[in-house]
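# Summary of the model geometry
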Amino acid sequence: MHLNNIGWIVNPGDLTPELIDRLAGCGINELGIHPGGGKRAPQLLEETLAFHALKSTQALYARARDRGITVEYDAHVLSWLLPREEFERHPDWFRMDESGARTPDINMCASSEEALDYVSRRAMLLAERLHTPSHRYAYWIDDVKNGACCCPRCRGLSAADQALKITNAMYRGAKQADGEAVMGFLAYQDTLALPETVKPEKGIYLEYAPIDRDSARPIDDVACAANVSQTANLKKLLAFFGSENARVLEYWVDNSRFSDWKRPPKPMALNEDVMQKDVRFYASLGFRDMTSFACFLGPDYIGLYGQPPIERYAGILKEIG
Ligand SMILES: [Zn+2]
């Protein structure tokens, strides 16, 4: 077996020329930039737009390109695409909570055609402003659980169906900016369920992120309830979205998760045994693209603990994948 793409996803502040050289040196060919999740995602995306425009950032991206690494953005973009300030003028664009009240807190109404059109237009703008030579767009809805719309029109749609409608809208926009765009449907948390009534546009691929897994146990450990909950629908999801471009987005080296998303980072050890078993499992299902969040392993981490285990991580993906 042989993987098509081996990735590494960092926060903008983790990125250095030395990192790019190390990634290239061990065969990593996909660099993801993740602005950060949670409630601050729109603000972090705004900061990332400023970061993207810097000459020094463009020099880093050129360095990556010269070393055979594609650069892409992996971001929770929805609250940026649909600014919360629009709530006053268009409350019907936003989701209805379980009490029946419209709220701009998170996500959107997935049945508002006007809102979906607006999101498409903004996705086109974002794809233009965050242009990289990669055609892969990992644009995601908000980073929350229980974020679905409960309005009468959305009530019959599961959280996964709503997320897919929104992802389709974002994709239509990105495609206007880049005719070769492909976009990930982020299957994680509430969207690990199989969409039931909405179909993906051609060009949407499965982006599987088992965030609620137990990282101390192999993902296919049937005795681990947390991991069983993450993989229960995985084969069906792959069949539904197809294996072309399907990607595992793991947490093997996500030191932001291991540090509870608070800097300073904690020391991190790669669990090689678990990662080897995971990679074998994912490869057996047909995944040919694998990446991992690798945040909080930048200059502050290196200053505290030395180099992170990039070579060993890439080695496992190359040996087993
Ligand atoms: Zn709705």
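See the structure shown above.
Below you will find a few notes about this structure. Here the structure is a predicted model, which means the values were calculated and not measured.

## Description of the layout of surface pockets
Roughly 580 Å³ of volume is contained in the largest pocket. Residue lining of the largest pocket: 29 residues in total, with Asn11, His34, Gly36, Gly37 and Trp261 positioned closest to the centre. When residues of the lining of the largest pocket are assigned to their parent elements, the largest contribution, 4 residues, is made by helix H2 (residues 41–53). If you add up the space inside the second largest pocket, you get close to 230 Å³. In terms of lining residues, the second largest pocket is bounded by 18 residues, among which Lys202, Gly203, Ile204, Glu244 and Asn245 are the most central. Elements with a contribution of two residues or more to the lining of the second largest pocket: helix H6 (159–177), strand S8 (204–208) and helix H8 (234–241). Taken together, the residues that form the lining of the second largest pocket break down as 8 nonpolar, 5 polar and 5 charged.

## Let's talk about the pairing of strand S2 (residues 30–33)
The side-chain alternation of S2 yields two buried faces, one formed by Glu30 and Gly32 and the other by Leu31 and Ile33. Pairing between strand S1 (residues 5–10) and S2: 4 bridges, direction parallel. Bridged to Gly7 within S2 is Glu30. Relative to strand S3 (residues 70–76), S2 is paired through 4 bridges, and the arrangement is parallel. Across the sheet, residue Gly32 finds its bridge partner in S3, namely Glu72.

## Topic: a negative patch on the surface
On the surface, Asp92, Glu113, Glu114 and Asp117 cluster together to form a negatively charged patch. Within the fold, Asp92 resides in the loop between helix H4 (78–81) and strand S4 (95–96). Classification of Asp92 by relative accessible area gives partly exposed; the value is 39%.

## Remarks on the coordination of the zinc ion
Listed as protein donors to the zinc ion are Cys109 (SG), Cys149 (SG), Cys151 (SG) and Cys154 (SG); their distances from the metal cover 2.3 to 2.4 Å. Taken together, the 4 donor atoms coordinating the zinc ion span angles of 106 to 116° at the metal, a pattern that classifies the geometry as tetrahedral. For the zinc ion, the single-chain donor residues occur in sequence as C-x39-C-x1-C-x2-C. The two residues Cys149 and Cys151 agree in class, both being buried.

## Quick word on the nonpolar core
Core analysis: the largest hydrophobic core is formed by 92 residues, its most contacted members being Trp8, Leu15, Leu206, Tyr282, Phe287 and Met290. Core analysis: the second largest hydrophobic core is formed by 14 residues, Trp140, Val182, Ala209 and Leu249 among them.

## So, empty space enclosed by the protein
Using the criterion set out here, one finds 3 cavities of 30 Å³ or more in the structure. Within this model, the largest cavity holds a volume of roughly 130 Å³. For the lining of the largest cavity, the per-class residue count stands at 8 nonpolar, 5 polar and 2 charged. The calculated volume of the second largest cavity comes to roughly 50 Å³. If you go around the second largest cavity, the residues you meet are Glu72, Tyr73, Leu130, Thr132, Arg136, Tyr137 and Tyr139. Looking at the lining of the second largest cavity, the elements that each hand over two or more residues are S3 and strand S6 (136–140). Tallied by class, residues from the lining of the second largest cavity come to 4 nonpolar, 1 polar and 2 charged.

Analysis parameters
- Within any chain, residue numbers begin from 1 and follow the written order of that chain's sequence.
- Where local features are concerned, this predicted model is filtered to residues with pLDDT of at least 70; where side-chain atom pairs are given and counted, the filter is 80 or more; whole-chain, interface and lining totals use all residues.
- Neither water nor hydrogens contribute to the side-chain values; these are computed over all heavy atoms in the structure.
- Note on definitions: the grid is 1 Å and covers protein atoms alone; a cavity is a set of points where a 1.4 Å probe fits but cannot get out; a pocket is an open set with protein on both sides within 12 Å along at least five of seven lines; lining residues have an atom within 4 Å of a point.
- Grid points are joined across faces, edges and corners, and a volume is the space filled by probe spheres set on the points.
- Secondary structure elements are defined from DSSP: runs of H or I of at least 4 residues count as helices, runs of E of at least 2 residues count as strands, and each element is numbered from the N terminus.
- Three residue categories are used. Nonpolar comprises Ala, Val, Leu, Ile, Met, Phe, Trp, Tyr, Cys and Pro, charged comprises Asp, Glu, Lys and Arg, and polar comprises the others, including Gly.
- Only protein chains enter the calculation, and the probe is 1.4 Å; a residue is then buried if its accessible area is under 20% of its type maximum, exposed if over 50%, and partly exposed in between.
- Strand pairing follows a simple DSSP-based rule, namely that at least 2 bridges must link the two strands.
- Like-charged residues within 9 Å of one another, or nonpolar side chains (Val, Leu, Ile, Met, Phe, Trp, Tyr) within 5 Å, are grouped into patches, provided each residue has over 30% relative accessible area and no salt bridge.
- Using a 1.4 Å probe, the Shrake-Rupley method yields the accessible areas, and only the shown protein chains count as cover for residues.
- Salt bridges, as used here, are contacts in which a Lys or Arg side-chain nitrogen is within 4 Å of a carboxyl oxygen on Asp or Glu.
- Charge assignment: positive for Lys and Arg, negative for Asp and Glu; neither His nor the chain ends contribute.
- Charged side chains are reduced to one point each, which is NZ for Lys, CZ for Arg, CG for Asp and CD for Glu.
- A 2.8 Å cut-off from the metal defines N, O and S donors, relaxed to 3.2 Å for Na, K and Ca; water is not in the atom list, so some sites may appear incomplete.
- Under the classification used here, a metal with four donors is tetrahedral if each angle lies between 85 and 135 degrees, square planar if opposite donors are over 155 degrees apart and the others between 65 and 115, a six-donor metal meeting that same test is octahedral, and anything else is irregular.
- To define a nonpolar core, start from buried Ala, Val, Leu, Ile, Met, Phe, Trp, Tyr and Cys residues and group those joined through side-chain atoms within 4.5 Å.

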